[in-house]
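# Examining the three-dimensional arrangement
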Amino acid sequence: MNVWIAIGVTALGCYAVKLAGLLVPAGALERPLVRRLAALLPVALLAALTAQQTFADGHALVLDARAAGLGAAAVALVLRAPFLVVVAAAVVVTAGVRAVAG
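Residues numbered from 1 in each chain as written. Predicted model: local features only at pLDDT ≥ 70, side-chain atom pairs only at ≥ 80, totals over all residues. Heavy atoms only, no water.

## Observations regarding the overall build of the protein
The test is simple: Here a helix means four or more residues in a row that DSSP labels H or I, a strand means two or more in a row labelled E, and each is numbered from the N terminus. Burial classification: accessible surface area is computed with a 1.4 Å probe over protein chains only, and a residue below 20% of its type maximum counts as buried, one above 50% as exposed, and the rest as partly exposed. Only heavy atoms matter for contacts: two residues are in contact if any of them lie within 4.5 Å across the pair. Accessible surface is estimated by sampling points in the Shrake-Rupley manner with a 1.4 Å probe; for residues, cover comes only from the protein chains shown.
Assigned secondary structure in the protein consists of five helices and two strands. Starting at the N terminus and ending at the C terminus, the protein contains elements arranged as α-α-α-β-β-α-α. Expressed as lengths along the three principal axes of its C-alpha atoms, the size of the protein is roughly 55 × 45 × 25 Å. When each of the 102 residues of the protein is scored for burial, the buried share is 11%. Long-range contacts, defined as pairs at least 24 residues apart, comprise 27% of the intrachain contacts of the protein with a sequence gap of at least 6. Accessible surface computed for the protein: about 8,300 Å², of which carbon and sulfur atoms make up 76%.

## With respect to the UniProt feature "transmembrane region" (unreviewed entry) in the protein
For clarity, the cut-off: UniProt positions are given in the numbering used here, feature names are shortened, and annotations may be inferred rather than shown by experiment.
Mapped onto the present numbering, the UniProt feature "transmembrane region" (unreviewed entry) falls at residues 6–25, 37–55 and 67–97. Regarding residues 6–25, the helix share stands at 90% and the strand share at 0%, and the terminal C-alpha atoms are separated by 31 Å. Regarding residues 37–55, the helix share stands at 100% and the strand share at 0%, and the terminal C-alpha atoms are separated by 26 Å.

## Regarding the packing of helix H4 (residues 65–78) against helix H5 (residues 83–101)
When two helices pack together, their arrangement is given by the angle between their axes and by how far apart the axes lie. Stated precisely, the cut-off is as follows: Each axis is a line fitted through C-alpha atoms, taken for helices only over the stretch in contact, and angles between the N-to-C directions span 0 to 180 degrees. Should an angle fall under 35 degrees it is taken as roughly parallel, and over 145 as roughly antiparallel, whereas 65 to 115 is taken as roughly perpendicular and any remaining angle as oblique. Here a crossing is called left-handed whenever its near helix is offset anticlockwise from the far helix by less than a right angle, and right-handed whenever the offset is clockwise.
As a packed pair, H4 and H5 sit with axes 8 Å apart at the nearest point and diverge in direction by 150 degrees. Taken together, H4 and H5 sit at an angle that is classed as roughly antiparallel. At the point where H4 passes H5, the crossing takes the right-handed sense. Of the residues in H5, those in contact with Ala-65, Arg-66, Ala-68, Gly-69, Ala-72, Ala-73, Ala-76 and Leu-77 of H4 are Val-86, Ala-89, Ala-90, Val-93, Thr-94, Val-97 and Arg-98.

## Focus on the pattern of salt bridges
Any two side chains of opposite charge can pair if their charged atoms end up close together. Our working rule: We define a salt bridge as a side-chain nitrogen of Lys or Arg found within 4 Å of a carboxyl oxygen belonging to Asp or Glu.
Tallied over the entire structure, the rule returns two salt bridges. We note a salt bridge from Arg-35 to Glu-30, for which the minimum N-O separation is 2.9 Å. Assessed through its relative accessible area of 49%, Arg-35 is described here as partly exposed. For Glu-30, a relative accessible area of 49% gives the class partly exposed. Between Asp-64 and Arg-66 there is a salt bridge; the shortest N-O distance is 3.3 Å.

What follows is the structure in structure tokens.
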């Protein structure tokens, strides 16, 4: 029963955030600072999520095969590879490092 309460509260919270976004005056959204933040915030959040998922294991920082896969993906991005090639490079390198490391 506690899970359904949490789901209900989360759904209501999501709806409240969506409603709050719709109630913001259009003039406030046209400010240059707000536009810059709206453009940069998703990138920063995605980078933070990637770093947390790559370098964290519970409460400890780790440097394992995931870091090698992220490095391979970064190299593929610098070389302007297509997205599927970037993902494939990360997968292959991560699997290879895990296979070699045991």
